[in-house]
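# Chain and residue survey
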Amino acid sequence: MNEAVWRAKQWRHGRAAARVLATPPAAPRDDGVVLFSMIGTRVLLPYLVAAKSLHRHLGRGRFVVMDDGTLTQADRAALAHHLGDPRILALGDVDTGPAPRGGTWERLLAILDLRAADYVIQLDSDTVTLGPVPEVAAAIEAGRSFTLFGDARGAELGVLPAAEFVARHPAAADPRARAHVQARIEAAMADVAIPGLRYVRGCSGFAGFAPAKDGRRVAEAFTREAERLLGRAKWSEWGSEQVTSNVVIANDPDPAPLRYDRYTNFWNAPLGPDVAFAHFIGTYRHHGSAYLDATRAAIAALG
């Protein structure tokens, strides 16, 4: 898709998403569930669609937002009206400790701090909840962490011991992909000196973190090992946070990855009739009309 077509489709989607401003406000609940997102002014409208559509179908939770530094006073007023005056964090509020700064690390670490008292769901702004999400509700009730799988192959493998993941996932050892930090550390996963380490190739666009008093422990241990294996500069690249999110969830007690036929990433293929949740990743977000159609359907359902 050329840039002109992309921009035209983005503009059209933005016009459709703006209709969320005419929908009734959500009614957040202080019930032990936090719906967390990092956003800026550019994604305010799609974020409201993502947040309100999930809240409608889940029927639980209050909102917490991390400002990427670009939210305006008008944005904050819209958030207050539509999401019950959510708590808004700043990037500088987060002590990253041994982890890198930037690349959504502040988002993950804030989540791991919040999970000391609540079940925290990380929700990207380019997602839409299209139907009931009983698997998510069940994970919350059981105190099990969950993740959206990254792709069908990741769903096929599930949660594995680190060495078995390296042996069975061909992309982890593919030299053509080794330039990317995620492939680099996945290929080295068996060398991470954390006893009993498990891994799941998930997607941090939608992930649930069950309450845990020592919420940062695994993430900090893993980031130290990843830096030892790859070096600080490489480990600071975009994508390292997603790998760490996967590691945290895989090493929580009895994790519950979500069914990929119902919770999926959009790879420019038709969404199946059973899809309840879709993540419209940047590469294919505006291919076809799936994101536009999902956004319109979600807004219509909000009333």
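Residues numbered from 1 in each chain as written. Predicted model: local features only at pLDDT ≥ 70, side-chain atom pairs only at ≥ 80, totals over all residues. Heavy atoms only, no water.

## Some details on the side chain of Asp-67
Along the chain, Asp-67 falls in strand β2 (residues 62-67). Asp-67 gets classed as buried once you look at its relative accessible area, which sits at 8%. A polar contact of 2.7 Å, which involves the side chain of Asp-67, links it to the backbone nitrogen of Gly-69. (Helix = DSSP H or I, 4+ residues; strand = E, 2+ residues; numbered from the N terminus. Buried < 20%, exposed > 50% of the residue type's maximum accessible area, 1.4 Å probe, protein only. Polar contact = N/O pair within 3.5 Å; in protein donor to acceptor, adjacent residues only side chain to side chain.)

## Remarks on the pairing of strand β4 (residues 119-123)
Within β4, five of the five residues are buried, which leaves the element mostly enclosed by the surrounding structure. Residues Tyr-119, Ile-121 and Leu-123 of β4 are buried on one face, and the alternating residues Val-120 and Gln-122, pointing to the opposite face, are buried as well. Sheet topology note: the β4/strand β9 (residues 202-209) ladder contains four bridges and is antiparallel. By the bridge assignment for β9, Gln-122 is matched with Ala-207. (Pairing = 2+ DSSP bridges.)

## Side note on the sheet that holds strand β3 (residues 87-90)
Taking strand neighbours across the sheet as the criterion, the six strands line up as β3-β2-β1-β4-β9-β6 in an open arrangement whose pairing is mixed. Each of the sheet's edge strands pairs with one partner strand only, and the pair in question is β3 and β6 (146-149). On average, adjacent strands in this sheet sit at an angle of 25° to one another, irrespective of strand direction. Where β6 lies against β9, four bridges are found, and the strand directions are antiparallel. Bridging from a neighbouring strand, Phe-146 pairs with Gly-208 of β9. Those strands touched by helix α2 (residues 44-58) are β1 (33-39), β2, β4 and β9, and its axis lies near 165° from that of β1. Here helix α5 (residues 134-142) sits on the sheet in contact with β1, β4, β6 and β9, set at roughly 150° to β4. (Axes fitted to C-alpha atoms, helices over the stretch in contact; angles between N-to-C directions. Contact = heavy atoms within 4.5 Å.)

## Some remarks on the environment of Glu-225
Here Glu-225 is to be found in helix α9 (residues 217-230). The exposure class assigned to Glu-225 is buried, which follows from its relative accessible area of 13%. In sequence terms Glu-225 and Arg-62 are 163 residues apart; their C-alpha atoms lie 34 Å from each other. Look past the residues within four positions of Glu-225 in its chain and what remains in contact with it is Asp-191, Val-192, Ala-193 and Ile-194. A distance of 2.7 Å separates the side chain of Glu-225 from the backbone nitrogen of Ala-193, its partner in a polar contact.

## Side note on the packing of aromatic side chains
Taken as a whole and assessed by the stated rule, the structure comprises ten aromatic pairs. When the centroid spacing of 6.4 Å and the interplanar angle of 20° are considered together, the rings of Tyr-119 and Phe-146 count as stacked. Separated by 27 residues along the polypeptide, Tyr-119 in strand β4 and Phe-146 in strand β6 bring together distant segments of the chain. Owing to a relative accessible area of 2%, Tyr-119 belongs among the buried residues under this scheme. When the centroid spacing of 5.1 Å and the interplanar angle of 55° are considered together, the rings of Phe-146 and Phe-206 count as tilted. Of this pair, Phe-146 sits in strand β6 while Phe-206 sits in strand β9, and the two are 60 residues apart along the sequence. (Phe/Tyr/Trp six-rings, centres within 6.5 Å; stacked < 30°, edge-to-face > 60°.)

## Details of helix α3 (residues 73-83)
For an α-helix the count is 3.6 residues per turn, leaving residues at separations of three or four pointing the same way. Among the residues of α3, those classed as buried are Asp-75, Ala-78, Leu-79, His-82 and Leu-83. Projected down its long axis, α3 carries its buried residues within an arc of 100°, all on one side. Pointing more than 90 degrees away from the buried face of α3 are the exposed residues Gln-73 and Ala-74. Those residues of α3 that are buried are in contact with β1, α2, β2 and β3. (Arc of directions from axis to C-beta.)

## Some thoughts on the packing of α9 against helix α11 (residues 240-250)
Two elements in contact, α9 and α11, have axes separated by 9 Å at closest approach and are oriented at 130°. When the axes of α9 and α11 are compared, the pair comes out oblique. Both α9 and α11 take part in a crossing whose hand is right-handed. On α11, the residues touching Val-218, Ala-219 and Phe-222 of α9 are Val-243, Thr-244, Val-247 and Val-248. Here the contact of α9 with α11 is built from residues that sort into six nonpolar, one polar and no charged. (Parallel < 35°, antiparallel > 145°, perpendicular 65-115°, else oblique. Left-handed = near helix turned anticlockwise from the far one by under 90°. Nonpolar A, V, L, I, M, F, W, Y, C, P; charged D, E, K, R; others polar.)

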